[in-house]
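Structure assessment
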Amino acid sequence: MPVPKSSLENLPMDILIEILALVNPKDLLTLARTSKTFRAFLMNRKSERCWKAARSTIKDFPPCPPFLSEPQYANLLFTTDCMKCSRPSVGMAIWDFFVRYCKSCLDEMVIHEWTVTPWRGQITKATKLRGARFLKMSDYVSCRQLGFRSGDGWPSSGGFYHLPDFLHFKETWGALPTAEEKTQFIKTLVAEVVERERVTTILYSMGYTLTGLVYSITRRLTNEGWGEEVEKLTPCFEAVLQELFAQKTERLDDQGLSLLHILDTRIDSNHFPGWGAIRTKVIAKIKEFRAARQEEERSRVIGQRLSRLGLAVRSYDESLGLGSAASNLQAEVADLALMPSFRQLVDAPLHDPDVSSEIVGSELLKKLPDLRDQWYRNREKEFQELAQKTAPAQCKDPSLALSLAIVTFRCNVCTTDLRWPDVLAHRCTREDPTKDTYWAAVISFCHTYSMPYPHRGSSIFNVQFVPQLVQDMIRIAGFDPYNVSYKDMQSCGTRWYCKICTVPSVNYAEVHTWQSTAHLQMRCNIPESRAHSSSRDQASKWQVLDDHHAVSVRALETAQRTTGVVFTCSLCQYSSTDYPAAHCLSAHSDRIERRPNFGNDYYLRPSTDTGRPPIKIYPEHARSNAVASKAVAQHRALFSSRFELLSGTGST
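Residues numbered from 1 in each chain as written. Predicted model: local features only at pLDDT ≥ 70, side-chain atom pairs only at ≥ 80, totals over all residues. Heavy atoms only, no water.

Thoughts on helix α24 (residues 626-633)
Between a side-chain oxygen at the N-terminus of α24 and the backbone nitrogen of V627 the separation is 2.9 Å; the capping residue is N625. Downstream of α24 by a residue or two, H635 has a phi angle that is positive, lying close to 60 degrees. (Polar contact = N/O pair within 3.5 Å; in protein donor to acceptor, adjacent residues only side chain to side chain. Helix = DSSP H or I, 4+ residues; strand = E, 2+ residues; numbered from the N terminus.)

Listed below in structure tokens is the structure:
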């Protein structure tokens, strides 16, 4: 006959009790969950001495409250599971109710005080009880101030009552027939609430409740020099610890007690081995919050200093007079703040006695012209190096590549071709290039006060040369396209017209600047497949306009509005593609009494002039033509008695 396997269930009762007297409450709970036999045995009142013996294995362990059974007490202290749905790792117990719930179950198991409070008048009327312990419902039924939002839309904070306790009160109260019995029942409830408060106080003083745990950990941290940080975290320190410990149960020692409750011994005990197990995590969390707090404080102080900086720059600029196109090419507040000489001042230690918001402003006013000049020269050097890298071999002096007429910079964001220094006013360069905490503080400041972001320099540009056709027109004017400067080409005053288009059948001549062919598609462009040399054939059709017509054309160009431009208000940097005269009158009526005019009250923003449409020259006999007359009236064309000279049909 086979020998049956040994099992704890098969041991004699007296031996089993002796063994169980040597384990801790956590082990008894685990054992009770291994089989129905052990659960029935350990949950029976007759096994109470086993639980008491298990509690005695832990030094100075608080006694079981009279309103809880031994298994309930152990389950409350030694596990982290929800007592309703058994969800694991839900956090600390709610000691006012002596329960532990997950958030979902908590919504279901508590009711707001407005549901319970109306009962107080009925109780007072029936029992005639008076005194300090009979003033409110929380004297009869335990109440807890909770901060959460229930699924039923209850308030996010306030007094909440444990639903089972209230239902027990309500059911018992309704079943009692006489006032004497109801009075005795209320006195019993008051005594139970007092006892709960007494037990909670004991657990708190010994470090077993979350509040007591916070207090004990706070003392430990203070003794180790973290008192100031803990004090700053005091309003949320309990939540910090609850978040830190709301994890899967971890082992502190061979007894297998949970990290959440630290119940092998009290935290404030001199023999507390569990502090060493959680110390690293707690201090790491404190350091994390300290770093976040310092960064937040740093950002706040930097913001204050930048605000002072912005006011100082605005005051300085206003003292210089109205804004102009040149003001769009200078360093903004964010650019100044990122310059090393000024960043050292703004980003100084938070409590440096030599730095304050007032000093920041006064120091800047002294350095502002030099700082802006330095910033401009730095950007110029940056774009000069970019242009010099791609300078054509025919360029005699690559160091002057930035000023060449054929050199432009193409924005990689919007593909716009720009010249120096108009690239400084281009909006794509004012994006959000956050790099570190200081940059983030500057970006936040710019966003708050609607100021331009820092300039990104040449990082979004590539060098782009003007088309070959434009280079050919430069040659026709008598200049070397690889060495002539943009300034020289702008001041030369030469204008060109197409000989192919200027024929009697077309009836007008289109006059172009040296740049306009880069923006306009000509009807008579000769396809490369039809010419032995595209450059030669394209160049041969252009003719330099005579001085007589050139003077008239340049006059019309000056009066003509350019295409695709943006106008900016001289007083507030308001920008629009339409003339901002209406804005100037409505927003600055206290400063502008006359009709706003271009150049004084608003100006053309740099980098937005994409070129003018060509001026047309009509012959005198075209005055009866409605299209020609309208163009002349709009300053887009002129009539000429010498049109035949342009078309080649007249005599000189």
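Remarks on the packing of aromatic side chains
Any two aromatic rings considered together are summarised by their centre-to-centre distance and by the angle between their planes. Evaluated as defined, the whole model comprises 13 aromatic pairs. Judged by centre distance (6.1 Å) and plane angle (35 degrees), the rings of F166 and F169 are tilted. You can see F166 and its partner F169 sitting in helix α9 (residues 163-175), 3 residues apart, about one turn around the helix. Side by side, F166 and F169 carry an identical accessibility label, which is buried. Here F383 and F409 contribute two aromatic rings whose centre-to-centre distance is 5.2 Å and whose plane-to-plane angle is 80 degrees, an arrangement assigned as edge-to-face. Of the two residues, F383 is situated in helix α17 (residues 357-389) and F409 in strand β4 (residues 407-411); the sequence distance between them amounts to 26 residues. Here the two residues F383 and F409 agree in accessibility, since each one is buried. Within the aromatic cluster, the residues linked to one another by ring pairs are Y376, F383, F409, W420 and F461. Over the ring of F67 we find R196, and its NZ or CZ is 5.0 Å from the ring centre. When the ring centre of Y508 is taken as origin, the NZ or CZ atom of K616, which lies over that ring, is 4.6 Å away. (Phe/Tyr/Trp six-rings, centres within 6.5 Å; stacked < 30°, edge-to-face > 60°. Buried < 20%, exposed > 50% of the residue type's maximum accessible area, 1.4 Å probe, protein only. Lys NZ or Arg CZ within 6 Å of the ring centre and 35° of its normal.)

Some points on the sheet that holds strand β10 (residues 567-569)
Read from one edge to the other, the open sheet built from 3 strands follows the order β11-β10-β12, with strand pairing classed as antiparallel. Lying at the two open borders of the sheet, with one neighbouring strand each, are β11 (575-576) and β12 (602-604). Direction of pairing for β10 relative to β12: antiparallel, over a ladder of 3 bridges. Bridge pairing in β12 places F567 opposite L604. (Pairing = 2+ DSSP bridges.)

Structural notes on the pattern of salt bridges
For the structure on display, the rule yields 21 salt bridges. Between E108 and K84 there is a salt bridge, and its shortest N-O distance comes to 3.3 Å. Taken together, the residues span a long stretch of sequence, with E108 in helix α6 (residues 103-109) and K84 in the loop between α5 (70-78) and α6 at a distance of 24 residues. Taking relative accessible area as the criterion, E108 reaches 47% and is therefore assigned partly exposed. (Salt bridge = Lys/Arg side-chain N within 4 Å of Asp/Glu carboxyl O.)

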